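Notes for the structure review
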Amino acid sequence: MVSCWKILFAAVIIIAVMKLAVYDINSNNYYWDEATYLDIADNIRSDMKYVSSINESYRAPFFPVLLAVMPNADVSHIMVLVLAMISALMAYLIGKELVNKATGLVAAILLLTNPMYNFWSYKLLTEPL
């Protein structure tokens with residue numbers, strides 16, 4: 001007989017794979033903030049200067065620097081998705097530590113199936129992080 005844990009774990013894996021399979025759903029549809037972060041990252045990568053050519057250099061530096069390390073925007077999208085998967089793992093670990101394994105799995109599944117979280121974790125913004 002298959003245990004409940006294996007079914008829940010398989011559900012989390014399936015959701016994660018489906019999420020990574022459609023990662024480029026918003027890759028050419030950028031918000032203003034995404035364009036700004038990508039512009040700053042390109043300037044860091046090419047000129048080693050934290051400057052925005054669209055006059056928004058006041059952004060927090062960590063995310064553009066992280067994007068500058070990535071070779072292109074596709075890899076940046078994958079990086080944000082991997083960080084979203086890590087946050088689901090963290091939700092599981094916190095739920096497991098505070099209550100039990102079932103609570104951790106439920107927390108991870110709720111996070112991965114949340115439509116708003118799924119939408120924002122496809123964008124190159126600081127909000128999902």
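Throughout what follows, the structure given in this document is the object of discussion. All values derive from a computational prediction rather than experimental measurement. (Residues numbered from 1 in each chain as written. Predicted model: local features only at pLDDT ≥ 70, side-chain atom pairs only at ≥ 80, totals over all residues. Heavy atoms only, no water.)

**A look at the nonpolar core**
In terms of nonpolar packing, the biggest core is built from 13 residues, with Tyr37, Phe63, Leu67, Met79, Val80 and Leu124 touching the most fellow members. Elements with a contribution of two residues or more to this core: helix H2 (32-47), helix H3 (62-69) and helix H4 (73-98). Looking at which element gives the most residues to this core, the answer is H2, with five residues. Contacts of Tyr37, omitting those with residues within four sequence positions, involve Arg59, Phe63, Pro64, Leu67, Leu124, Leu125 and Thr126. Ala88, Tyr92, Ala108 and Ile109 belong to the second largest nonpolar core, which has nine residues in total. (Core = buried A, V, L, I, M, F, W, Y, C linked by side-chain atoms within 4.5 Å. Buried < 20%, exposed > 50% of the residue type's maximum accessible area, 1.4 Å probe, protein only. Helix = DSSP H or I, 4+ residues; strand = E, 2+ residues; numbered from the N terminus. Contact = heavy atoms within 4.5 Å.)

**Some points on the packing of aromatic side chains**
This structure, assessed with the given rule, holds two aromatic pairs. Between Tyr37 and Phe63 the ring centres are 5.2 Å apart and the planes differ by 85°, which places this aromatic pair in the edge-to-face class. With Tyr37 in helix H2 and Phe63 in helix H3, the pair connects residues that are 26 residues apart, well separated along the chain. This pair shows no difference in class: Tyr37 is buried, exactly as Phe63 is. The residue whose ring lies beneath Arg59 is Tyr37, and the NZ or CZ to ring-centre distance is 5.5 Å. Sitting over the ring of Tyr31, Lys123 keeps its end group 4.4 Å from the ring centre. (Phe/Tyr/Trp six-rings, centres within 6.5 Å; stacked < 30°, edge-to-face > 60°. Lys NZ or Arg CZ within 6 Å of the ring centre and 35° of its normal.)

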